[in-house]
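# Structural overview for review
What follows is the residue order along each chain.
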Amino acid sequence: MSADWPYPFWIAHRGAGKLAPENTAAAFHLGHRLGWRMAECDVKLSADGVPFLLHDDTLERTTSGHGPAAARSWAELSRLDAGAWHSPAHAGQPLMALDQLAAWSQEAATELNLEIKPCPGREAETGRVVAQAAQRLWAGRRPPLLSSFQPDALAAAREAAPDLPRALLIDTAWPGWLDAARGPLACVAMVAHAPLIDAALAAQVHGAGLRLLAYTVNDAAQARRLLELGVSGLISDEVRRFDPAAGAAVVERAAPSPD
Ligand code: G3P
Ligand code: MG
């Protein structure tokens, strides 16, 4: 953390989304119990425009529902089981709305990276609604970092809430990515797929005055390599292995902590 980058170095991917059902309260609570003070999650819109947490466009993999998530109202989505797919102990775990996450994050003093994950065709609408909601829900405290693979979503977020920090996510170095990030999207950071990051890419990002974060980093050697390249944050599934209390350092815990 520093004055111009106030977020923790270690960020729990989808909450603690491997050990507990991703993007649910159970995952955020587990990450918090293990000392993690920042979480990444995926935000999209229900049919009636409610921002809620889900990674996939469809419901099958992580819920008891079927078909496109964008076709269901929040009332319908909120009745689904989003935990049984993971393990019997988490059966009955519901999907989480963004306002529920915001309330929990305040109680738990946890920072967030909201990945805007629009269903196809809803890029600008999702960016706008998530940014407006984040501005309202985090009023008076440090805002979440908004990120997206979709430039249209970030452009709409900028228009709706220009003061919220934005990051462009990339999994390939598509033509014009850096110009888009620092120009029309006015990002403060890039979040890149870890294997894409080498010394040249890190120098480009830092030379443009942006921070660089990496996903999804589960290997200690990879984490150390990225730290040497000057990254400001690592998004990881390995909430038991890495000790986030170390800050910007890679420290593996001596023994696994209990759930
Ligand atoms: O935000 C970083 C990472 O979550 C992006 O990939 O597919 O896990 O949402 P994905
Ligand atoms: Mg994500």
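Quick notes on the rules
- Residues numbered from 1 in each chain as written.
- Chains lettered and ligands numbered in written order.
- Predicted model: local features only at pLDDT ≥ 70, side-chain atom pairs only at ≥ 80, totals over all residues.
- Heavy atoms only, no water.
- Helix = DSSP H or I, 4+ residues; strand = E, 2+ residues; numbered from the N terminus.
- Rg over C-alpha atoms; globule rule 2.2 N^0.38 Å.
- Buried < 20%, exposed > 50% of the residue type's maximum accessible area, 1.4 Å probe, protein only.
- Contact = heavy atoms within 4.5 Å.
- Areas by Shrake-Rupley, 256 points an atom, 1.4 Å probe, with all protein chains shown as cover.
- Lys, Arg positive; Asp, Glu negative; His and termini not counted.
- Charge placed at Lys NZ, Arg CZ, Asp CG, Glu CD.
- Arc of directions from axis to C-beta.
- Phe/Tyr/Trp six-rings, centres within 6.5 Å; stacked < 30°, edge-to-face > 60°.
- Lys NZ or Arg CZ within 6 Å of the ring centre and 35° of its normal.
- Donors = N, O, S within 2.8 Å, 3.2 Å for Na, K, Ca; no water.
- Salt bridge = Lys/Arg side-chain N within 4 Å of Asp/Glu carboxyl O.
- Near = heavy atom within 4 Å.
- Polar contact = N/O pair within 3.5 Å; in protein donor to acceptor, adjacent residues only side chain to side chain.
- Nonpolar A, V, L, I, M, F, W, Y, C, P; charged D, E, K, R; others polar.

When you go through the protein residue by residue, the secondary structure sums to eight helices and nine strands. Whereas a compact globule of 259 residues would reach a radius of gyration of roughly 18 Å, the protein reaches 17 Å, a difference of no more than 12%. Along the three orthogonal principal directions, the C-alpha set of the protein runs to about 45 × 45 × 35 Å. Relative to its full complement of 259 residues, the protein shows a buried share of 53%. By sequence separation, contacts in the protein at least 24 residues apart represent 55% of the contacts at least 6 residues apart. A total of about 10,500 Å² of accessible surface is found on the protein, and carbon and sulfur atoms cover 52% of it. In the protein, the 23 positive side-chain charges and the 29 negative ones have mean positions that sit 3 Å from each other.

Attention now goes to helix 7 (residues 199-207). All of the buried residues along helix 7 are Leu201, Ala202 and Val205. Along the axis of helix 7, the buried positions cluster into a sector of 100°, meaning they face one direction only. Against helix 6 (177-182), strand 7 (189-193) and strand 8 (211-215) lie the buried residues of helix 7. Looking one or two residues past helix 7, Gly209 carries a phi angle of roughly 80°, positive in sign.

Following the criterion strictly, the structure yields seven aromatic pairs and no others. Geometrically, the ring pair formed by Trp5 and Tyr7 is edge-to-face, given 5.2 Å between the ring centres and 70° between the ring planes. Here Trp10 and Phe242 contribute two aromatic rings whose centre-to-centre distance is 4.7 Å and whose plane-to-plane angle is 25°, an arrangement assigned as stacked. Remark: Phe242 occurs in the segment after strand 9 (233-236) and Trp10 occurs in strand 1 (residues 10-12); sequence separation between them is 232 residues. Side by side, Trp10 and Phe242 carry an identical accessibility label, which is buried. By the ring-pair criterion, three or more aromatic residues cluster together here, those being Phe9, Trp10, Trp36 and Phe242. Taking the ring centre of Trp85 as reference, the NZ or CZ of Arg61 above it sits at 6.0 Å.

The magnesium ion (ligand 2) binds to the protein through Glu40 (OE), Asp42 (OD) and Glu115 (OE); the donor distances cover 2.0 to 2.2 Å. Each donor residue of the magnesium ion (ligand 2) lies on one chain, and together they are spaced E-x1-D-x72-E. Of this pair, Asp42 sits in strand 2 (residues 38-45) while Glu115 sits in strand 4 (residues 111-116); the two residues are 73 residues apart in sequence, bridging distant segments of the chain. Across this residue pair, the class does not change: Asp42 and Glu115 are buried.

So, on to unusual backbone geometry. The residue Asn23 is not glycine, and still its phi comes out positive at about 60°. A relative accessible area of 1% places Asn23 in the buried class. Phi at Ala186 takes a positive value of approximately 45°, unusual for a residue other than glycine. The topology assignment puts Ala186 in the loop between helix 6 and strand 7.

Right, let's get into the side chain of Asp237. Assignment of secondary structure puts Asp237 in the segment after strand 9. Summary of buried charges: Asp237 has no salt-bridge partner, and the nearest side chain of opposite charge, Lys18, is 4.5 Å away.

The next point concerns the site of ligand 1. Surrounding ligand 1, one finds His13, Arg14, Glu40, Asp42, His55, Glu115, Lys117, Phe149, Leu169, Tyr215 and Ile235. Side-chain polar atom of Arg14 to an oxygen atom of ligand 1: 2.8 Å apart, as the coordinates give it. One of the side-chain N or O atoms of His55 is found 2.7 Å from an oxygen atom in ligand 1. Computed on the free molecule, ligand 1 has an accessible area of 290 Å², of which 90% lies beneath the protein chains in the complex. Class assignment of the residues belonging to the shell around ligand 1 gives a composition of four nonpolar, two polar and five charged.

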